[in-house]
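Residue strings, one per chain:
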Amino acid sequence: MNEADSEEMLLHLFGFGYQKTSVLNEADLVLINTCTIRDHAEHRALSYLGRLAKWKAEKQGRKIIFAGCAAERLGKLVQKRFPQADIICGAKSLDKFPEILEKSSLFKPIKTANTPKEASKKVTGQVSIMRGCSCKCAYCIVPYVRGEASSISPEIVLENCRQKAKTHPEIMLLGQTVNAYNYKGFTFAKLLEEVCKIPEVKRVRFLSPHPVFIKDDFYKVVQDNKKIARHLHLPLQSGSTKVLKDMKRLYTAEEYFEIIKNLKQLDFLISTDIIVGYPTETEEDFKQTLELVKKCNFSFAYCFKFSPREGTPAAELKEIPQKIVENRLNILLNEIRECSALAYKSRIGQKEEILFETKNSGRTSGNLWYRTNTLEKVGTIKEILIKDSNGKILK
Ligand code: SAH
Ligand code: SF4
């Protein structure tokens, strides 16, 4: 989601005559789009901003924009402690980014805006379909820095999809609880159906769905539309119903597993997010997470150590000693590695539709990586018989 926000901000900056570069010393402007989901992400952003003071002083006219979730949470502190930041634009104000630029008088719009050469090279075009989140997971800072959930009108979303599809055969719909999308009765399932109707769209993905919002109309639309990728990144967080309740996740471990069973019947591969060391997690709870992970056979998982976020209910709880958390994390990571290798090896001998993202590599509908020695056209889909896998890539 941050990537999509960065892309939007970049488009506005192109309108002010800027071009994208990855070479710091060539740049006249640095845009830092920040995340605050875990303490570590926020620290990294702040320390980078700190280091940029020297870069800014080295040449006159250099500018810094500090944007996103950490900017929302820490705006005032950043203003005081980091005078090198010319503009601070919090996540809730991203819609007003162009006005903020204009008002600052640091930037002057130009008549012939630069075109975003970089964005069109990617196979996947990202389209935000909603902003914010109205769930109140006890550990999570997102609702505080991004505000309540609101769906973007289907007209705007579909027009954005049509535009992106001209250069990006794969469309990725984005939202914190993407499948909670509902614009005056226009549901997520309906939106998926409409996106699939766009002829240039070859594959549709979405991120992040929440288990609680998966409804029967979703299964139906998947069955009817081959363009919908057979992969879901469905955050689990914990395999213990007790911890899930403490986290206010609104589903039980059993309910989550039921969804997985339904999805597997439709040939889906599932990846997930898991938090280890939530303050109320006992050894027994952690064991239940491991057991559920084995049963679900995830193709991949992001595993995070619990990070207390100031202002959230979970930050008030007594933390588990770091040694125990690290130990649990290592055990879980090993388990996930085995699951992932199994997911790859299970595809040997099967036919897969590969969407090529480079001349010799691409992804399956189930989101597994494939590599070949032959040369293919980027952006095309080809049906390929999988001959081998080392557990990390299909061949
Ligand atoms: N909206 C999505 C995920 C958003 S945040 C969802 O509900 O699933 C991405 C992931 O960061 C979460 O799935 C969670 O695993 C992790 N996360 C969020 N807050 C965290 C915290 N305080 N400590 C550790 N991990 C956290
Ligand atoms: Fe955070 Fe996701 Fe829960 Fe929303 S649904 S509060 S973004 S973890």
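Residues numbered from 1 in each chain as written. Chains lettered and ligands numbered in written order. Predicted model: local features only at pLDDT ≥ 70, side-chain atom pairs only at ≥ 80, totals over all residues.

What follows is about the overall build of the protein chain. Looking only at helices and strands, the protein chain features 12 helices and 17 strands. For the protein chain, whose C-alpha radius of gyration is 22 Å, the value lies close to the compact-globule estimate of 21 Å for 395 residues. For the C-alpha atoms alone, the extent of the protein chain along its principal axes is close to 60 × 55 × 45 Å. Within the protein chain, the proportion of its 395 residues that are buried is 36%. (Helix = DSSP H or I, 4+ residues; strand = E, 2+ residues; numbered from the N terminus. Rg over C-alpha atoms; globule rule 2.2 N^0.38 Å. Buried ≥ 20, exposed ≤ 12 C-beta atoms within 10 Å, placed from the backbone.)

At a closest axis distance of 10 Å, the pairing of helix H6 (residues 154-165) and helix H7 (residues 188-196) adopts a crossing angle of 30°. With respect to the hand of their crossing, H6 and H7 are arranged in right-handed fashion. For the pair H6 and H7, the contacting residues are Pro154, Val157, Leu158 and Cys161 in the first and Leu191, Glu194 and Val195 in the second. (Axes fitted to C-alpha atoms, helices over the stretch in contact; angles between N-to-C directions. Left-handed = near helix turned anticlockwise from the far one by under 90°. Contact = placed C-beta atoms within 7 Å.)

This part is about the site of ligand 1. Inspection of the region around ligand 1 gives 17 residues, with Ser208, Pro235, Asp273, Phe304 and Ser307 positioned closest. In the shell around ligand 1, the residues fall into 8 nonpolar, 6 polar and 3 charged. (Near = placed C-beta within 6 Å. Nonpolar A, V, L, I, M, F, W, Y, C, P; charged D, E, K, R; others polar.)

Phe66, Ala71, Ile129, Tyr139, Ile171, Leu173 and Ile270 are the most contacted members of the largest nonpolar core, which has 84 residues in total. Each residue touching alanine 71, except ones within four places of it in the same chain, is listed here: Thr34, Phe66, Val78, Ile88, Cys89 and Gly90. (Core = buried A, V, L, I, M, F, W, Y, C linked by C-beta atoms within 7 Å.)

Domain parsing of the protein chain yields domain 1 (2-104), domain 2 (130-229), domain 3 (232-346) and domain 4 (351-385). Summarising the inter-unit geometry, the C-alpha centres of domain 1 and domain 3 are found 33 Å apart. (Domains from an automatic or database assignment.)

Bridge count between strand S2 (residues 63-68) and strand S3 (residues 87-90): 4 bridges; the pairing is parallel. Residue pairing across strands places glycine 68 opposite glycine 90, the latter belonging to S3. Handedness of the crossover joining S2 and S3 through helix H3 (residues 69-81): right-handed. (Pairing = 2+ DSSP bridges. Right-handed = clockwise from strand over helix to strand, strands pointing away.)

Let us look at the packing of helix H11 (residues 283-296) against helix H12 (residues 322-345). Interhelical geometry of H11 versus H12 gives an angle of 10° and a closest axis separation of 10 Å. Overall, the two elements H11 and H12 adopt an arrangement that is roughly parallel. Side by side, H11 and H12 meet where Phe286, Leu290, Val293 and Lys294 of the first sit next to Arg328, Ile331, Leu332, Glu335, Ile336 and Cys339 of the second. Broken down by class, the residue content of the contact of H11 with H12 amounts to 7 nonpolar, no polar and 3 charged. (Parallel < 35°, antiparallel > 145°, perpendicular 65-115°, else oblique.)

Next up on the list: the sheet that holds strand S12 (residues 269-276). What links the strands of a sheet is backbone hydrogen bonding, and the strands pair in either a parallel or an antiparallel sense. Strands sit in the order S11-S12-S13 across an open sheet of 3 strands; the sheet is parallel. In this open sheet, the two strands that pair with only one neighbour each are strand S11 (231-233) and strand S13 (300-305). Within the sheet, the average angular offset between the axes of one strand and its neighbour, ignoring direction, is 10°. With 6 bridges joining them, S12 and S13 adopt parallel strand pairing. For serine 271, the partnering residue across the bridge sits in S13 and is phenylalanine 300.

Moving on: the environment of methionine 1. When you line up the elements, methionine 1 lands in the segment before helix H1 (2-14). In this structure, the C-alpha to C-alpha distance between methionine 1 and glycine 175, residues 174 residues apart in sequence, is 7.1 Å.

Strand order in this open sheet of 3 strands is S4-S7-S10, and the pairing throughout is parallel. The strands lining the two open edges of the sheet, one partner per strand, are strand S4 (124-128) and strand S10 (203-207). Adjacent strand axes in the sheet meet at a mean angle of 25°, parallel and antiparallel pairs treated alike. As defined by bridge partners, S4 adjoins strand S7 (residues 170-174) across 5 bridges and the pair is classed as parallel. From the neighbouring strand, glutamine 126 faces S7, where its bridge partner is methionine 172.

The element S2 is largely enclosed, with a buried count of 5 among its 6 residues. The sheet contact formed by strand S1 (residues 29-34) and S2 spans 6 bridges and is parallel. Bridged to asparagine 33 within S2 is alanine 67. Note on the crossover from S1 through helix H2 (residues 39-58) to S2: the handedness is right-handed.

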